[in-house]
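Secondary and tertiary structure notes
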Amino acid sequence: MLSAVAIDQLADRLRQSRGIAAKADIAAVAAALELSGDQAIPVGDDCAAIADGDGYLLFAIEGFIDEFVAADPWFAGWCGAMVNISDVAAMGGRPTAIVNAIWSDGADDAAPILAGLKAAAKAFGVPIIGGHTNVRSTQNQFAVAILGRARRLLTSFDARPGDKLVAAIDLRGRYRAPFANWEAATHAPPERLRADIDILPSLAESGLACAAKDISQGGIVGTAAMLAECSHVALALDLDAIPIPDGVPLERWLQTFPSFGYLLSVKPEHIDETLARFRQRGIAAALVGDVMAGTTVEIRAGSDHATVWDFAQQPLIGCGPAQPPIRRGVA
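This report concerns the structure included in the present document. (Residues numbered from 1 in each chain as written. Predicted model: local features only at pLDDT ≥ 70, side-chain atom pairs only at ≥ 80, totals over all residues. Heavy atoms only, no water.)

This part covers the nonpolar core. Counting 59 residues, the largest nonpolar core has Trp78, Leu200, Leu264 and Phe278 as the members making the most contacts within it. If one sorts the elements of this core by residue count, helix H4 (residues 73-90) sits on top with 11 residues. Ignoring any residue separated from it by four or fewer positions in sequence, one finds Leu200 in contact with Ala89, Gly92, Leu154, Phe260, Tyr262, Leu264 and Phe278. Listed in part, the 46 residues of the second largest apolar core include Leu239, Ile242, Val297 and Ala306. (Core = buried A, V, L, I, M, F, W, Y, C linked by side-chain atoms within 4.5 Å. Buried < 20%, exposed > 50% of the residue type's maximum accessible area, 1.4 Å probe, protein only. Helix = DSSP H or I, 4+ residues; strand = E, 2+ residues; numbered from the N terminus. Contact = heavy atoms within 4.5 Å.)

Tracing the backbone through its elements, the reader meets Ile283 in the loop between helix H10 (271-279) and strand E13 (284-292). Setting aside anything within four residues of it in sequence, one finds Ile283 in contact with Ala168, Ile169, Asp170, Arg172, Asp196, Ile199, Phe260 and Phe278.

Spatial ordering of the open sheet is given by E1-E2-E5-E3-E4, a layout of five strands whose pairing is mixed. The open sheet has two free edges, formed respectively by strand E1 (48-52) and strand E4 (128-134), since each of these has just one partner strand. Across this sheet, the average inter-strand angle for adjacent strands is 15°, counted without regard to direction. Where strand E3 (residues 93-105) lies against E4, six bridges are found, and the strand directions are parallel. The residue of E4 that forms the bridge with Trp103 is Asn134. The sheet strands contacting H4 are strand E2 (55-63), E3 and strand E5 (136-150), and the helix crosses E5 at an angle near 25°. (Pairing = 2+ DSSP bridges. Axes fitted to C-alpha atoms, helices over the stretch in contact; angles between N-to-C directions.)

As structure tokens, this is what we get:
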């Protein structure tokens with residue numbers, strides 16, 4: 001168990017981690033574009049959600065760090081589809097189409113990136129319908145956008161005090177060195193991938209979950225902080241309860257980007273059914289914390305606790321609404 005000194009030091013290292021720093025960059029861009037959670041289409045979710053008929057059109061995009069594309073181009077291509085599909089699922093949606101933009105120094109450099117993208121799109125059953133191509137660039141750069149649809153939304157804005165925080169992570173994987181990616185998808189059967197990702201829209205449609213985010217480059221703690229900021233709540237994470245692969249150090253795991261990983265805000269009466277839906281598919285799921293009134297994101301171990309972020313002192317992504325929103329789309 002962590003001591004009081006150790007948990008304070010861990011909180012400080014997490015606060016200064018590269019993944020959380022990258023999320024903090026969003027605040028400057030959001031301010032420059034005058035974006036916020038108060039807009040007709042609130043900014044801060046995993047996808048833009050646009051009301052459309054009896055549901056929502058979902059739209060998202062991911063750009064990839066140059067060093068990642070250079071070091072592992074096939075996997076960068078795979079992630080182009082996978083992380084966008086995960087964003088759609090985190091909103092309670094199902095993906096419908098993918099487009100990509102690629103710049104490369106020749107067609108040979110583009111080939112492994114496109115091969116990875118095609119492999120993931122086929123595995124998840126999502127068509128690639130076009131994009132933008134430039135194979136006369138001086139370096140390799142890559143971005144992917146996705147469309148999806150949701151009947152009922154999971155959002156970043158609907159966690160409320162009294163909810164419980166659930167983490168669901170596929171531990172059946174391995175690190176893909178040298179980056180902090182926990183990779184549990186490339187060797188999985190396509191039918192399993194598709195059924196696993198469908199858990200999220202099924203939770204949304206049944207009203208079991210209130211809010212969700214996929215665990216991204218900010219890791220578990222950074223993702224929790226983004227959820228808390230958008231929902232105007234405080235979160236406390238119980239470190240001892242977080243699902244973790246055997247042999248992986250806790251600090252490394254808290255900063256990991258898993259290929260299947262979600263945080264969900266769930267009413268207490270829906271906890272058992274929510275956990276069961278993941279566990280029935282072999283995905284580790286646990287109650288890992290509390291949603292409370294306040295402005296902080298804390299980590300806890302036994303009786304010791306430490307604050308990682310306090311929104312009263314500093315915003316993180318700068319996208320939260322000016323006032324706590326009314327919970328939408330949940331029973």
